[in-house]
Amino acid sequence: MKKIIFATGNQDKMGEIRSILSDWEMEIQSMREAGIELEIVEDGQSFEENASIKAKAVAAQVQEDGVVVLADDSGLEIDYLGKEPGIYSARYLGEDTPYKIKNQKILERMNGVPKEKRTARFVCAIAAADKNGEICVTRGTIEGYIGWEPSGAHGFGYDPIFYLDEYGCSTAELSPELKNQLSHRGKALFAMRQKLAEMAV
Ligand code: ITT
């Protein structure tokens with residue numbers, strides 16, 4: 001393997017991915033940097049399926065040998081809401097709706113719900129593919145709960161309302177370095193690096 005292309009159009013994710021993989025001596029390009037523009041229909045029924053759909057769609061556009069395409073499909077599962085928004089996290093209330101509004105709506109739906117029923121987790125599936133198809137998929141999760149108000153300015157998306165018991169704050173209040181060490185994305189990418197090394201890809 002001589003290069004990784006990341007099949008994401010989400011700049012916040014891409015920033016975290018670059019930082020998580022910063023010690024890897026490997027060329028890492030975003031889809032846009034690789035000159036690939038694609039509208040991908042994410043119609044899978046799980047994080048793993050959607051990650052695989054994205055990785056395979058982009059890998060099918062790559063001609064060069066030695067290139068592995070990785071894709072991240074992630075989201076927030078809230079137990080009290082039947083695991084919503086789950087795989088629909090980006091589309092919840094509409095793709096272009098600001099997260100301030102999405103987060104407010106979730107807090108409203110959780111109004112009056114006691115702490116023990118506010119459990120939630122971020123999930124991240126990372127899929128790897130090359131031009132011959134899927135290579136493997138990994139998953140990482142981080143357990144937490146939905147707080148009572150948004151807090152913190154780091155991170156993105158649902159970070160301001162997702163709190164960690166061990167730290168007593170939201171993941172938007174953690175330093176980016178600490179979030180990346182603990183996060184669903186950090187864990188899934190770590191597992192993916194190990195798998196690719198074991199498989200000698
Ligand atoms: P790509 O498909 O182009 O990668 P996307 O934003 O559409 O970008 P997903 O379908 O995987 O990506 O949706 C992930 C959503 O889950 C993301 O937009 C956030 O709303 C949420 N999410 C995932 N990881 C998160 C994190 O670390 N912090 C906060 N929210 C997160």
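About the criteria used
Residues numbered from 1 in each chain as written. Predicted model: local features only at pLDDT ≥ 70, side-chain atom pairs only at ≥ 80, totals over all residues. Heavy atoms only, no water. Buried < 20%, exposed > 50% of the residue type's maximum accessible area, 1.4 Å probe, protein only. Helix = DSSP H or I, 4+ residues; strand = E, 2+ residues; numbered from the N terminus. Pairing = 2+ DSSP bridges. Near = heavy atom within 4 Å. Polar contact = N/O pair within 3.5 Å; in protein donor to acceptor, adjacent residues only side chain to side chain. Areas by Shrake-Rupley, 256 points an atom, 1.4 Å probe, with all protein chains shown as cover. 1 Å grid on protein atoms, 1.4 Å probe; cavity = no way out; pocket = protein on both sides within 12 Å on 5 of 7 lines; lining within 4 Å. Sits in = over half its atoms within 2 Å of the grid points. Contact = heavy atoms within 4.5 Å. Phe/Tyr/Trp six-rings, centres within 6.5 Å; stacked < 30°, edge-to-face > 60°. Lys NZ or Arg CZ within 6 Å of the ring centre and 35° of its normal.

### A closer look at the pairing of strand β1 (residues 3-6)
Step number 1: In β1, alternate side chains face the same way, and those of K3 and I5 on one face and I4 and F6 on the other are all buried.
Step number 2: Sheet topology places β1 next to strand β2 (residues 27-30); four bridges connect them, and they run parallel. From the neighbouring strand, I4 faces β2, where its bridge partner is I28.
Step number 3: Examined bridge by bridge, β1 and strand β3 (residues 67-78) share four bridges and lie parallel to one another. Bridge pairing in β3 links F6 to L70.

### Observations regarding the site of the ligand
Step number 1: Every one of the 22 residues lining the ligand counts as a neighbour, but T8, K13, K54, Y99 and K179 are closest to it.
Step number 2: In this structure, an oxygen atom belonging to the ligand sits 3.1 Å away from a side-chain N or O atom of E42.
Step number 3: Measuring from an oxygen atom of the ligand, one finds a side-chain N or O atom of Y99 at 2.5 Å.
Step number 4: Coverage of the ligand by the protein amounts to 92% of the 620 Å² it exposes when considered alone.
Step number 5: Here the ligand occupies the largest pocket.

### Side note on the side chain of K179
Step number 1: The residue K179 is located in helix α4 (residues 176-182) in this model.
Step number 2: Looking at K179, the relative accessible area reads 5%, which means it is buried.
Step number 3: Of the polar contacts made by the side chain of K179, one reaches the side chain of E16; its length is 2.7 Å.
Step number 4: Sequence-distant contacts of K179, defined by excluding residues within four places in its chain, comprise E16, G155, F156, D159, T171 and L174.

### Things to note about the packing of aromatic side chains
Step number 1: Under the counting rule described, the total for this entry stands at four aromatic pairs.
Step number 2: With a centroid separation of 5.0 Å and an interplanar angle of 85 degrees, the aromatic rings of Y99 and Y158 are classed as edge-to-face. Placement of the pair is Y99 in helix α3 (residues 99-109) and Y158 in the loop between β6 (133-146) and β7 (162-164), with a sequence separation of 59 residues.
Step number 3: Here Y99 falls in the partly exposed class, since its relative accessible area comes to 28%.
Step number 4: Ring plane angle 35 degrees and centroid distance 5.8 Å describe the contact between Y145 and Y163, whose orientation is recorded as tilted. Separated by 18 residues along the polypeptide, Y145 in strand β6 and Y163 in strand β7 bring together distant segments of the chain. Taken individually, Y145 and Y163 each receive the classification buried, so the pair is uniform in this respect.
Step number 5: Put simply, the rings of Y145, W148 and Y163 touch in pairs and so form one group of aromatic residues.
Step number 6: Over the ring of Y145 we find K115; its NZ or CZ atom is 4.3 Å from the centre of that ring.
Step number 7: Between R118 and the ring centre of W148, over which it is positioned, the NZ or CZ distance is 4.3 Å.

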